[in-house]
Amino acid sequence: MREPPFWWRAASIEARLLSPLAAVYGAVAAHRLARKGERVAAPILCIGSPIVGGAGKTPLAIAVARMLKPAGECPVFLSRGYGGRQRDPLEVDAERHRALEVGDEPLLLARVAATIVARDRVRGARAALAAGASVIIMDDGFQNPSLSKSVAMLVVDAGRGIGNARVLPAGPLRAPLAAQLDRSHALVVVGQGSAASDISGGARARGIAVFAARLVPDRDAVAALKGKRVLAFAGIGDPEKFFVTLSASGLAVAEKRSFADHHRFTSREAKALCGKADREGLVLVTTEKDLVRMRGDDATAQLSRRAHALPARLVLDDEAAFKTFLVTRLAVARR
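In this text, all values refer to a predicted model and were calculated from it rather than measured experimentally. (Residues numbered from 1 in each chain as written. Predicted model: local features only at pLDDT ≥ 70, side-chain atom pairs only at ≥ 80, totals over all residues. Heavy atoms only, no water.)

Participant: What is the right way to look at the pattern of salt bridges in this model?
Facilitator: If charged atoms from side chains of opposite charge come close, those side chains can pair. Tallied over the full model, the rule gives 21 salt bridges. Arg-123 is the partner of Asp-88 in a salt bridge, and the nearest nitrogen-oxygen pair spans 3.4 Å. Here Asp-88 is found in the loop between strand S2 (75-79) and strand S3 (90-91), whereas its partner Arg-123 is found in helix H5 (residues 121-130), with 35 residues between them in sequence. (Salt bridge = Lys/Arg side-chain N within 4 Å of Asp/Glu carboxyl O. Helix = DSSP H or I, 4+ residues; strand = E, 2+ residues; numbered from the N terminus.)

Participant: Quick question: what am I supposed to make of the pairing of strand S9 (residues 229-234) here?
Facilitator: Successive residues of a regular strand alternate their side chains across the two faces of the sheet. Along S9, five of the six residues are buried, which leaves the element largely enclosed by surrounding structure. By the bridge criterion, six bridges tie S9 to strand S10 (residues 252-258) in an arrangement that is parallel. Opposite Phe-233, over in S10, you have Arg-257 as the bridge partner. In the classification by handedness, the crossover that spans S9, the intervening helix H9 (residues 239-248) and the parallel S10 is right-handed. The sheet contact formed by S9 and strand S11 (residues 283-286) spans three bridges and is parallel. Among the inter-strand pairings, Ala-232 is bridged to a residue of S11, identified as Val-285. (Buried < 20%, exposed > 50% of the residue type's maximum accessible area, 1.4 Å probe, protein only. Pairing = 2+ DSSP bridges. Right-handed = clockwise from strand over helix to strand, strands pointing away.)

Participant: Looking at this structure, I do not really get helix H1 (residues 13-33). What am I missing?
Facilitator: Think of an α-helix as 3.6 residues a turn; residues three or four steps apart then line up on the same face. Here H1 is 21 residues long and its end C-alpha atoms lie 29 Å apart, about the 30 Å a rise of 1.5 Å per residue gives. At Ser-19, H1 shows its largest bend, some 55 degrees, and a proline, Pro-20, comes one to four positions later. Taken together, the buried positions of H1 are occupied by Ala-15, Ala-22, Gly-26, Ala-29 and Leu-33. For H1, the elements touching its buried residues are helix H6 (177-181). (Expected span 1.5 Å × (residues − 1). Bend = angle between axes of the 7 residues up to and from the residue. Contact = heavy atoms within 4.5 Å.)

Participant: Whenever I open this one, a positive patch on the surface confuses me. Can you help?
Facilitator: A cluster of basic residues, Arg-66, Lys-69, Arg-219 and Arg-313, forms a positive patch on the protein surface. Relative to the helices and strands, Arg-66 resides in helix H2 (residues 57-68). (Patch = residues over 30% accessible without salt bridge, like charges linked within 9 Å, V, L, I, M, F, W, Y side chains within 5 Å. Areas by Shrake-Rupley, 256 points an atom, 1.4 Å probe, with all protein chains shown as cover. Lys, Arg positive; Asp, Glu negative; His and termini not counted. Charge placed at Lys NZ, Arg CZ, Asp CG, Glu CD.)

What follows is the structure, encoded as structure tokens:
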């Protein structure tokens, strides 16, 4: 689904017309958030976004796992596996499984630590414990009440913020902002911009820790693309953010193609992208998430072979303070 443009305007007739539906949806979502979830025998660290679409949840989950491993923890990721058909708990094999089975994000997570996909998050948490988890990291699931979260973090993009600050379908919020902040221990603001200043202020007013972070493109991947004209394409929550990253890295973006989040490329689209690149002498560049989604799909075999990924890692501005926050919260959860 593509996000409607009016979500990102301060005032619109569409949002006003949808406000009665948003009020009902928001009340139900807030009621669900207030439910007590089931506790399991390991702390659960949940990373979510207050809005639909991408904000940096998966890069933050990966950064957290990489911080916890040297501290003696055994993190295991738990994901719903959005876009995959697997329902029962399954440990992801990054080499064997495909996005059609387990979703695209779990394939990225499984490169870093053991990853369980499960529609039923309680059963998934038990599978994570069986896999040896000392900490369960939920990539998304913040608004799902089935599990009790020991550490709950929201991620927001500094350039996009929370749009018109209205709840679905009148705006991009998954639940009323106050209800989400009341159940958060930290807010991570990714990138540059002032669009997240209101939510940051609201978090600080509640005593919630606020951290700044940025996505840093892989230096070697950028160097390999220098001097080449690029056809950039992305099917993620905010494709424009990817395009801006390419340009900010000094790459010559000659053409851009945007697709909906978790988009499954068709054979026709793959041929069109390859044909455009051939005709104009362009190099195809996409995100890691898009490339992993295409892998093993016969319809996009040529595109996945030719496309270059631009990996990026999330870096906290004050990593020491963030790590102290994590360790402290986990210690409290284990008392």
